[in-house]
Amino acid sequence: MTGSTESSCCTESEGPVPRMWTVDEHLADVLAQIAPLPAIELRLLDAQGCRLVEDVVAGGDLPPFDNSSMDGYAVRTADTAGATEQYPSVLTVVGDIAAGAGDLPKVGPGQTARIMTGAPVPPGAEAVAPVEWTDGGTGTGRAADSMGAPVDGEEVRVLRPVSEGAHIRRRGSDIRTGDDILSAGTLLGPTQLGLLAAIGRDTVRVRPRPRVVVLSTGSELVQPGDPVGPGQISDSNSFTLTAAALDAGAIAYRVGGVPDDPAVLRAVLQDQLGRADLIVTSGGVSVGAYDVVKEALQPAQGGESYGDVDFRRLRMQPGKPQGFGRIGGVPLLALPGNPVSAYISFELFVRPVIRTMLGAPDVHRPVVRAVCGAELRSPAGRRQFLRGWYAGDGSVRPIGGEGSHLVGALAKANCLIVVPEEVTSLAADSTVDVVLLAG
Ligand SMILES: Nc1nc2c(c(=O)[nH]1)N[C@H]1C(S)=C(S)[C@@H](COP(=O)(O)OP(=O)(O)OC[C@H]3O[C@@H](n4cnc5c(N)ncnc54)[C@H](O)[C@@H]3O)O[C@H]1N2
Ligand code: MOO
């Protein structure tokens, strides 16, 4: 941390005034203390969504052997030259080759072997006649579209010429030994994991997904589905923030509804430390009597603090009260409890932390310029983040009001409209910065 909340200046009339941080100062302070997680070797499916930290080189060819791309007959091309439906090439079937076969018959002049898709091309054969180009070994001379039982020693009629290499997938035609197939930094999704499996890798060296513990505080919270008594509300923040952490690429654990009891909160935090690369709390960071996160981590009455967390006020709306520091070496971001404040704080500060830990190149949400059709008002000295709808044609409109409890409007928004600190009003059709939330 670069400073403490209580670093202050004074005015004659008002006494000490706690320092206020700008959004950029707070973000820079947080990110300066976050590094990409150390690389580890993971099994393939545990590596989904992670970035490679090694260049992967193919240790073998793909396909590993010449194989058939069709069910049919492996033939010598000269044997099929001039074949027609009227005058087919009649070949003796010397074997039956299924995918996975290791023992292959040799195909000599006038001979063929029945072959299945993916089966190795036998020695002597130069091409594959799909079964539809033959009589299917029926002896009728009519083209077949299915293949019967093994036909060793029987005959098959090929009804048209087959050119060299036809329907053969050559060894190494996809990947050759020594090819660079995936480079460090590649994000592993289904097709990259499939490729690693195809070349026989069962583990891979990656930067792991950070494990994020999301914890909401407040004695008024009940879990969704439970009865809501007088003065109580459903805990929504732990769901929003857990989903947002997953969306950012983390492994997220939701711990909902810790009551306003500092001892309980400390115990829960202690319990969670073992599985966390990052802890995110919501609520209890303001100036009220039951601000449990503040109380637990930085007691006002000279009690012993737990961890090293700095509580500060930011020049932004919503999201003014924030906490940041470490507990037991684990970074912790304490977000304000108002649901819109919590979510916007996550987008601005927590998401970049997760993306940094992941080693992602895109740490921040994209920001575009857009024309806002509506007039906007904003408090002086605060960077305001209004919920909006970005139409994609360069226009944006605000959704809902400024209130940081307005979850209905938040759920309809796809962007945040940014009104800078020094601006208190903007005329309709002004150009504004817009933080794109989706995608
Ligand atoms: N006298 C002052 N009061 C407040 C100030 C201030 O500067 N002076 N700041 C206001 C601002 S801004 C915010 S933001 C909030 C932040 O307060 P807390 O972080 O302590 O949040 P809580 O008091 O715990 O909750 C605020 C609000 O949000 C609801 N909430 C909390 N957690 C959840 C949850 N998990 N799911 C849904 N809703 C939640 C809670 O019930 C409250 O209504 O302080 C202002 N006050
Ligand atoms: O900062 Mo509070 O987050 O304005 O509602």
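These figures come from a predicted structure and were not determined experimentally.

Summing up its helical and strand segments, the protein has 8 helices and 31 strands in all. A compact globule built from 439 residues would reach a C-alpha radius of gyration of about 22 Å, whereas the protein, at 33 Å, exceeds it by more than 25%. Along the longest, intermediate and shortest principal axes, the C-alpha atoms of the protein span 110 × 50 × 45 Å. Looking at the protein as a whole, 40% of its 439 residues qualify as buried.

This brings us to the site of ligand 2. Around ligand 2, the surrounding shell consists of Gln317, Pro318, Gly319, Lys320, Pro336, Asn338, Ser341 and Ser404. Partitioning the shell around ligand 2 into residue classes produces 2 nonpolar, 5 polar and 1 charged.

A few words on the sheet that holds strand S4 (residues 40–43). Reading across the sheet, the 3 strands line up as S4-S15-S5 and stay open at both edges, with antiparallel pairing between neighbours. The outermost strands of the open sheet, each flanked by one partner alone, are S4 and strand S5 (51–52). As defined by bridge partners, S5 adjoins strand S15 (residues 203–207) across 2 bridges and the pair is classed as antiparallel. In the sheet register, arginine 51 faces S15, and the bridge partner there is arginine 207.

Reading across from one edge, S3-S21-S23-S24-S20-S16-S19 is the order of the 7 strands in this open sheet, with mixed pairing throughout. In the strand order of this sheet, the two ends are held by strand S3 (20–21) and strand S19 (251–258), each with one partner. When strand S21 (residues 308–314) meets strand S23 (residues 321–327), the two strands line up antiparallel, connected through 6 bridges. The residue of S23 that forms the bridge with aspartate 310 is phenylalanine 324. Relative to strand S24 (residues 330–335), helix H7 (residues 339–358) is tilted by about 165 degrees, and along the sheet it contacts strand S16 (211–217), strand S20 (278–282), S23 and S24.

Where interface size is quoted, it is often the accessible area lost as the parts come together. With domains assigned, the protein is organised as domain 1 (8–37 + 209–358), domain 2 (42–60 + 174–207), domain 3 (67–169) and domain 4 (367–436). One C-alpha centre belongs to domain 1, the other to domain 3, and the line joining them spans 69 Å.

Attention now moves to the nonpolar core. Within the largest apolar cluster, 61 residues are counted, with the highest numbers of intra-cluster contacts made by Val212, Ala245, Ile279, Val280, Leu333, Ile354 and Ile417. For this core, the leading source of residues is H7, giving 12 residues. Residues from two domains meet in this core; each of domain 1 (8–37 + 209–358) and domain 4 (367–436) gives at least three. Each residue touching isoleucine 417, except ones within four places of it in the same chain, is listed here: Cys372, Leu386, Gly388, Val396, Pro398, Val432 and Val434. By size, the runner-up hydrophobic cluster in this structure holds 23 residues, among which are Leu91, Ala113, Ala129 and Val162.

The immediate surroundings of ligand 1 are formed by 26 residues, with Asn237, Gly283, Ser286, Pro336 and Gly337 found nearest. Considered class by class, the residues forming the shell around ligand 1 number 8 nonpolar, 14 polar and 4 charged.

Okay, the environment of isoleucine 354 next. Topologically, isoleucine 354 is positioned in helix H7. Expressed as a C-alpha distance, the spacing of isoleucine 354 and isoleucine 251, which sit 103 residues apart in the sequence, is 9.9 Å. With near-sequence residues (within four places) excluded, isoleucine 354 lies in contact with Pro210, Val212, Ala245, Ala248, Gly249, Ala250 and Leu278.

So, about unusual backbone geometry. For the bond running from leucine 62 to proline 63, omega is -10 degrees, close enough to zero to count as cis. In the Ramachandran plot, aspartate 429 falls in the positive-phi region, its phi being about 70 degrees despite a non-glycine side chain. Along the polypeptide, aspartate 429 turns up in the loop between strand S30 (425–426) and strand S31 (430–436).

As a packed pair, helix H1 (residues 23–31) and H7 sit with axes 10 Å apart at the nearest point and diverge in direction by 30 degrees. The orientation of H1 relative to H7 falls into the category roughly parallel. Crossing hand, H1 versus H7: right-handed. Taking contact as the criterion, the partners of Val23, His26, Leu27, Val30 and Leu31 in H1 are, on H7, Leu348, Phe349, Pro352, Val353 and Thr356. Residue composition of the contact of H1 with H7, by class: 8 nonpolar, 2 polar and no charged.

About the cut-offs
- Residues numbered from 1 in each chain as written.
- Chains lettered and ligands numbered in written order.
- Predicted model: local features only at pLDDT ≥ 70, side-chain atom pairs only at ≥ 80, totals over all residues.
- Helix = DSSP H or I, 4+ residues; strand = E, 2+ residues; numbered from the N terminus.
- Rg over C-alpha atoms; globule rule 2.2 N^0.38 Å.
- Buried ≥ 20, exposed ≤ 12 C-beta atoms within 10 Å, placed from the backbone.
- Near = placed C-beta within 6 Å.
- Nonpolar A, V, L, I, M, F, W, Y, C, P; charged D, E, K, R; others polar.
- Pairing = 2+ DSSP bridges.
- Contact = placed C-beta atoms within 7 Å.
- Axes fitted to C-alpha atoms, helices over the stretch in contact; angles between N-to-C directions.
- Domains from an automatic or database assignment.
- Core = buried A, V, L, I, M, F, W, Y, C linked by C-beta atoms within 7 Å.
- Parallel < 35°, antiparallel > 145°, perpendicular 65-115°, else oblique.
- Left-handed = near helix turned anticlockwise from the far one by under 90°.

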